[in-house]
Amino acid sequence: MENGNVPQEGATDPSSFLSDIIGNPVTVKLNSGVVYKGELQSVDGYMNIALEKTEEYVNGAKRRSYGDTFVRGNNVMYISADS
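As the structure is a computational prediction, the values presented were derived from the model and not from experiment.

### Here we look at the overall build of the protein chain
Line of reasoning, step 1. Within the protein chain one finds 1 helix and 5 strands.
Line of reasoning, step 2. Of the regular secondary structure in the protein chain, the N- to C-terminal order runs α-β-β-β-β-β.
Line of reasoning, step 3. When the 83 residues of the protein chain are sorted by exposure, 28% land in the buried category.
Line of reasoning, step 4. If you sum the accessible surface of the protein chain, you get close to 5,800 Å²; carbon and sulfur atoms cover 46% of it.

Here it is in structure tokens:
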């Protein structure tokens, strides 16, 4: 226990989580509030993300559909695995 951090049972580090969900549907929210939903194809150490079959949502409303999308990591607020 370093710096008061207590490891949680069953917890995984973010890079392992992201590697495990490649090929699965995800939701990516940007700092601007725009949301992308698509199939995660790749992610790197800078959180740059490549998606396929992507839909863009602004204020909860679908705005556009894209084939392939690349999101620069410094714009990402979070990535969530969809079921």
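### Topic: the sheet that holds strand 3 (residues 49–58)
Line of reasoning, step 1. With antiparallel pairing, 5 strands are arranged side by side in an open sheet as 4-3-2-1-5. Edge positions in the sheet fall to strand 4 (61–71) and strand 5 (76–81), since each of these pairs with one other strand and no more. Along the sheet, successive strands turn relative to each other by an average axial angle of 25°, direction set aside.
Line of reasoning, step 2. Two elements, strand 2 (residues 35–43) and strand 3, share 7 bridges in a ladder whose sense is antiparallel. Each bridged residue has a counterpart across the sheet, and for Glu-39 the counterpart in strand 3 is Glu-52.

### A short note on the side chain of Thr-69
Line of reasoning, step 1. Its place among the elements puts Thr-69 in strand 4.
Line of reasoning, step 2. On the accessibility criterion, Thr-69 (12% relative accessible area) is buried.

### Some details on the packing of aromatic side chains
Line of reasoning, step 1. Following the criterion strictly, the structure yields 0 aromatic pairs and no others.
Line of reasoning, step 2. Taking the ring centre of Tyr-57 as reference, the NZ or CZ of Lys-37 above it sits at 5.4 Å.

The rules behind the values
Residues numbered from 1 in each chain as written. Predicted model: local features only at pLDDT ≥ 70, side-chain atom pairs only at ≥ 80, totals over all residues. Heavy atoms only, no water. Helix = DSSP H or I, 4+ residues; strand = E, 2+ residues; numbered from the N terminus. Buried < 20%, exposed > 50% of the residue type's maximum accessible area, 1.4 Å probe, protein only. Areas by Shrake-Rupley, 256 points an atom, 1.4 Å probe, with all protein chains shown as cover. Pairing = 2+ DSSP bridges. Axes fitted to C-alpha atoms, helices over the stretch in contact; angles between N-to-C directions. Phe/Tyr/Trp six-rings, centres within 6.5 Å; stacked < 30°, edge-to-face > 60°. Lys NZ or Arg CZ within 6 Å of the ring centre and 35° of its normal.

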